[in-house]
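Letter by letter, the chains look like this.
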Amino acid sequence: MMTDMKLGILVVLLNVTHAFLSNPLCSSLSLLQTRGNVLLLIIILGFSGSFQLGYQTTGLSSPSPFIQRFINSSWYERYGEPPPPQTITMIWSLIVSLYAVGGLCGAISVKFITGPLGRKKAMICSSCIAILAATIMLTSKVAKSYEMIILARIVYGFASGLTASTHSMYLGEISPRRLRGVLTLTYATFLSLGKLSGQLFGLSEILGREELWNILLSVPTVFSVVQIIVLPFFPEAPRYLFIEKGDDEACKKALQSLWGKGDYKEEMEEMLAEQEAIKRAPPKNPLQLLRDRTVRWQLIIILIIYFCNQMSGMSAISVFSFDIFMKAGIQKDKIRYVTLGLGLTEILTYICCGMLIERAGRRVLFWSGYGLMASCWVFATVTLTLKDSSDWVPFITPGLIFLFIIFYSGGPSGSTPALINEIFIQSDRLAAFVLVGMQRWFFFAFIGLVFPFIISALDSYCFVLFACICLLGCVFTFFFLPETKGKTLLDISKEFRAITFCGKSFLEEDVVETKL
């Protein structure tokens, strides 16, 4: 029985790999791989980057009862009496929530680490921090210290906060204009692969056993070690070398190393034009970026998109999925495998998004994705409200959950990594990543702390709240988000400056204030 299950899991992973390699993203890169090593760099960055964030997001759910028993036994050995139930709950809450605190600190540190060190060295630095966290986690069981688990989670969070922004930035700065969408999409693909791996390794047939919980939480560190060994042989991001370091020779060598031999005249001219623009607008810190009216629309749009992505209900699906699948008649011991199906659906949708993002463009994927997500939540509210009216009604809700994941992954979530790299020029990008990272980790903590109370108060009607947020995203991106596909960063900046609301633009107000 166990052998058959392992074989089934292996077949699923092989199918995912085959689908990944046969999708147009990899087909395009395979042509370039004969001349450059960009595909190998993408894989290394993916497994040591957003994969780690995804794994840490889901990897803690499976061993949670084992860790709570460990807290109980450690307390008893120290004090000779079992801890009060509220003490175990408080310690467990700290283990869960302080990961977000570490992530927030990591996101803030991007400005001070990724800027001076560069993208490559910052990724290596984050891997070293992840290895430190894994060492603390692995030894916590031997030391019988739950405090070490808390510390490890904080350090893991810091590494994830630093990695999340640096990985996305690195991808954007090695991408040519025509492949910027599909290359940055690999960030989301590896993120969902990390989530699925956290669920997969958490199965009792693999590492989801009480004696292995500390190993389960340290699995991604293997990829961190690989990155530290291999990444030094790859080039720094070409845009960073040319625009920030002014080294055009190193930039050209980096382009040739990644994409093969060539003169790359078009790419170099685009970077030169951006470098000239930066001379008139030097790099800004996050506070200066918030005050700069010339990028006000970019900030508003990207912050609203991240808000809608995080509050759209995707984070709450894990809370609802167990009850929904139980009501649909799925056996309790099989629900975890259906949950794996959700993760597999997310990965396959990201892969399919690679076929659309450079054809349909970013804008249509955003507004249509949000609109379809809102429709899913409206219908889910109806089916949960009417679940007792007929035997077949509860079976519709799980299907709507799967559809929601498809629309989320193939729309807003898949397009966001490309957008943030396209709407900010080099001098503004670091500060923008800091602000977005701070917002991301704030809402990560908010969802973990507040959403359980919202869900308890509203029950199935919280889906209406999710639908309203998705509708906000649909309307806002339809009216205010310009298309960025295939355009230079300077052209995109001009389009944002042309946006008006009620006949006025932020740029006009800035000009008036300057004259006064």
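Reading the values: rules and limits
- Residues numbered from 1 in each chain as written.
- Predicted model: local features only at pLDDT ≥ 70, side-chain atom pairs only at ≥ 80, totals over all residues.
- Heavy atoms only, no water.
- 1 Å grid on protein atoms, 1.4 Å probe; cavity = no way out; pocket = protein on both sides within 12 Å on 5 of 7 lines; lining within 4 Å.
- Points joined across faces, edges and corners; volume = space filled by probe spheres on them.
- Helix = DSSP H or I, 4+ residues; strand = E, 2+ residues; numbered from the N terminus.
- Nonpolar A, V, L, I, M, F, W, Y, C, P; charged D, E, K, R; others polar.
- Axes fitted to C-alpha atoms, helices over the stretch in contact; angles between N-to-C directions.
- Parallel < 35°, antiparallel > 145°, perpendicular 65-115°, else oblique.
- Left-handed = near helix turned anticlockwise from the far one by under 90°.
- Contact = heavy atoms within 4.5 Å.
- Buried < 20%, exposed > 50% of the residue type's maximum accessible area, 1.4 Å probe, protein only.
- Salt bridge = Lys/Arg side-chain N within 4 Å of Asp/Glu carboxyl O.
- Patch = residues over 30% accessible without salt bridge, like charges linked within 9 Å, V, L, I, M, F, W, Y side chains within 5 Å.
- Areas by Shrake-Rupley, 256 points an atom, 1.4 Å probe, with all protein chains shown as cover.
- Core = buried A, V, L, I, M, F, W, Y, C linked by side-chain atoms within 4.5 Å.
- Expected span 1.5 Å × (residues − 1).
- Phe/Tyr/Trp six-rings, centres within 6.5 Å; stacked < 30°, edge-to-face > 60°.

**Side note on empty space enclosed by the protein**
According to the stated counting rule, one finds 3 cavities of 30 Å³ or more in the structure shown. There is about 70 Å³ of room inside the largest cavity. Lining of the largest cavity is provided by Ser48, Gln52, Gln56, Ser126, Ser127, Ala130, Tyr156, Ala159, Ser160, Thr163 and Ser224. When contributions to the lining of the largest cavity are tallied by element, the ones reaching two or more residues are helix H4 (50-58), helix H7 (119-143) and helix H8 (146-174). With 4 residues, H8 is the largest single contributor of residues to the lining of the largest cavity. Residue classes in the lining of the largest cavity are distributed as 3 nonpolar, 8 polar and no charged.

**So, the packing of helix H9 (residues 180-201) against helix H21 (residues 412-422)**
Running from N to C, H9 and H21 cross one another at 120°; their axes reach a closest spacing of 8 Å. The orientation of H9 relative to H21 falls into the category oblique. The interaxial crossing formed by H9 with H21 has right-handed handedness. Of the residues in H21, those in contact with Arg180, Gly181, Thr184, Leu185, Tyr187 and Ala188 of H9 are Ser413, Gly414, Pro417, Ala418, Asn421 and Glu422.

**Focus: unusual backbone geometry**
Phi is positive for Lys144, close to 55°, though the residue is something other than glycine. By the secondary structure assignment, Lys144 is in the loop between H7 and H8. You can call Lys144 partly exposed: its relative accessible area is 41%.

**Re the pattern of salt bridges**
In a structure, side chains of opposite charge can pair up when their charged atoms sit close to one another. Summed over all chains, the structure comprises 17 salt bridges. In this structure, Glu77 and Lys144 form a salt bridge, with 3.1 Å as the shortest nitrogen-oxygen distance. Of this pair, Glu77 sits in helix H5 (residues 64-79) while Lys144 sits in the loop between H7 and H8; the two residues are 67 residues apart in sequence, bridging distant segments of the chain. A salt bridge links Glu173 to Arg119, with the nearest nitrogen and oxygen atoms 2.9 Å apart. Here Glu173 is found in helix H8, whereas its partner Arg119 is found in helix H7, with 54 residues between them in sequence. The exposure classification of Glu173 matches that of Arg119, with both residues buried. Among the charged side chains, a network of salt bridges with common partners joins Arg177, Arg239, Glu266, Glu270 and Glu274.

**Structural notes on a nonpolar patch on the surface**
A cluster of nonpolar side chains, contributed by Leu104, Ile108, Phe112 and Met438, occupies part of the molecular surface with about 350 Å² of accessible area. Of the residues forming the nonpolar patch, the biggest block, 3 residues, is contributed by helix H6 (residues 85-117). Mapped onto the elements of the fold, Leu104 is located in helix H6. Residue classification places Leu104 among the partly exposed positions, given a relative accessible area of 30%.

**Considering the nonpolar core**
Counting 146 residues, the largest nonpolar core has Ile67, Ile95, Ile174, Trp377 and Phe404 as the members making the most contacts within it. A per-element tally of this core places H8 first, with 13 residues. Once residues lying within four places of it in the same chain are set aside, the contact partners of Ile174 are Val38, Leu41, Leu183, Ala237, Pro238, Leu258 and Trp259.

**Here we look at the side chain of Ser192**
Tracing the sequence through the fold places Ser192 in helix H9. On the basis of relative accessibility, which here comes to 0%, the residue Ser192 falls in the buried class. Ignoring sequence-local partners within four residues, the contact set of Ser192 consists of Glu346, Ile347 and Tyr350.

**A closer look at H5**
Taking 1.5 Å of rise per residue, 16 residues should cover 22 Å, and H5 covers 23 Å from first to last C-alpha, within 8% of that figure. Among all positions of H5, only Ser64, Phe66, Ile67, Phe70, Ile71, Ser74 and Trp75 are buried. The secondary structure elements touched by the buried residues of H5 are H6, H7, H8 and helix H10 (213-216). Phi for Gly80, located one or two positions after H5, is positive at around 75°.

**Remarks on the packing of aromatic side chains**
The description of an aromatic ring pair uses the distance of the two centres, along with the angle that the planes make with each other. What the rule picks out here adds up to 24 aromatic pairs. Their ring planes at 65° and their centres at 5.4 Å tell us that Phe307 and Phe443 sit as a pair that is edge-to-face. Separated by 136 residues along the polypeptide, Phe307 in helix H16 (residues 296-311) and Phe443 in helix H22 (residues 426-458) bring together distant segments of the chain. For Phe307, a relative accessible area of 25% gives the class partly exposed.

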